[in-house]
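Single-letter residue listing:
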Amino acid sequence: MNTNQYVAKSLELHLFFGRIMKEHALFLKAGFTPANAAFSNQAMLYKNEFEQLLMRAVMLSDGVVSRKVLCSGEVVTEFTSLAENQTERFTGIPINKEITERELRLCNHYRVFGDAADRYPLIKQMNRTALKLLDGLISFKETILNNVVGCEMFTMNYPLLIEHIIREAKLYRDYLEMLERDGDLTEQSMKEIECFWNQIMMEHALFIRGLLDPSETDLFHAADGFAQEYAALLENCRSAHQQTLTSEALEKTIRFRDFKMAGTQGIEECEIRSVILPLLADHVLREANHYIRLLQN
Ligand SMILES: [Fe+2]
Ligand SMILES: [Fe+2]
């Protein structure tokens, strides 16, 4: 096993997915009604736990994680700080904004130390903590989903959104398990990557379509168009005998990323009517940036 590789790959995963998980917990918390105070408290605990994990990952990443990842727009974007300020104000849910400042510095003041072997024991421990947290968060999300589809609970989050964030959490767990088992991430086929992320992008388009104000007809149709385009890509990807359309996926995802970027800016500047939290807009933008990096590899 290459220790440097293990350390860098683990940190890359935590920088992207650790933030994604803490934001999922925040979105869940923001969606509960006063009838589900216990669930709301539980969501807050997961938000805090993943926030702590992310802070540790950020502190250990300096000099180790590649510039390509740090500056890809999947860890943090130019919109994240304002999105966090606004989301904290709108929901009353506290957000540790120092993490964002540090992440921006990691990209802007990039440096390389080379050897990271001394961080191995800390990373090993961090991966174990993350796996335990993920088992809890996945089963928490599954309980919410079962309650919602069984009509025992009401939340402002769509059932499809809850399914979607369960899949993202399971992907994070699968990668961590792979790292712990093999010491590295075994090469995944482009087909697997594209099938997973084309579905995620399609669902983002569906969420955006469904969360816009009904008066935002142009944006509604644009989002619907992306949903249909990704549905076609997904179908192609899933049909076993066809070659995946990697360059088409890249071209579409760059266009969709630009759409999400304009959307995030429009929401932050109060120019778009919707029930989309600014941090949710930035969150789906980061996921598009992540997919673009994978497609360009
Ligand atoms: Fe997500
Ligand atoms: Fe997502």
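Residues numbered from 1 in each chain as written. Chains lettered and ligands numbered in written order. Predicted model: local features only at pLDDT ≥ 70, side-chain atom pairs only at ≥ 80, totals over all residues.

Right, let's talk about the packing of helix H9 (residues 217–238) against helix H10 (residues 246–268) for a bit. Contact pair H9 / H10: the axes reach a minimum separation of 11 Å and the direction vectors enclose 160°. Judged by the angle between their axes, H9 and H10 are roughly antiparallel. Considering only the axes of H9 and H10, their crossing is left-handed. Between H9 and H10, the residues in contact are Ala222, Phe226, Glu229 and Leu233 and Glu248, Ala249, Lys252, Phe256 and Phe259, respectively. Partitioned by chemical class, the residues of the contact of H9 with H10 number six nonpolar, no polar and three charged. (Axes fitted to C-alpha atoms, helices over the stretch in contact; angles between N-to-C directions. Helix = DSSP H or I, 4+ residues; strand = E, 2+ residues; numbered from the N terminus. Parallel < 35°, antiparallel > 145°, perpendicular 65-115°, else oblique. Left-handed = near helix turned anticlockwise from the far one by under 90°. Contact = placed C-beta atoms within 7 Å. Nonpolar A, V, L, I, M, F, W, Y, C, P; charged D, E, K, R; others polar.)

Take the domain arrangement of the chain next. Taken domain by domain, the chain consists of domain 1 (1–156) and domain 2 (187–297). Taking only C-alpha atoms into account, the centre of domain 1 sits 21 Å from that of domain 2. Counting residues at the interface gives 18 residues for domain 1 and 15 residues for domain 2. Taken together, the elements giving at least two residues each to the side of domain 1 that touches domain 2 come down to helix H1 (3–31) and helix H4 (80–91). Top contributing element to the side of domain 1 that touches domain 2 by residue count: H4, with seven residues. The residue inventory of the side of domain 1 that touches domain 2, partitioned by class, reads nine nonpolar, six polar and three charged. (Domains from an automatic or database assignment.)

Phi is positive for Cys151, close to 55°, though the residue is something other than glycine. Here Cys151 shows up in the loop between helix H6 (120–149) and helix H7 (159–182).

Tracing the chain through its elements places Thr155 in the loop between H6 and H7. C-beta crowding within 10 Å serves as the criterion here: with 21 such atoms nearby, Thr155 is assigned to the buried category. Separated by 28 residues in sequence, Thr155 and Gly183 have C-alpha atoms that sit 40 Å apart. Not counting the four nearest positions on each side in its chain, Thr155 is found in contact with Gly31, Phe32, Ile144 and Val148. (Buried ≥ 20, exposed ≤ 12 C-beta atoms within 10 Å, placed from the backbone.)

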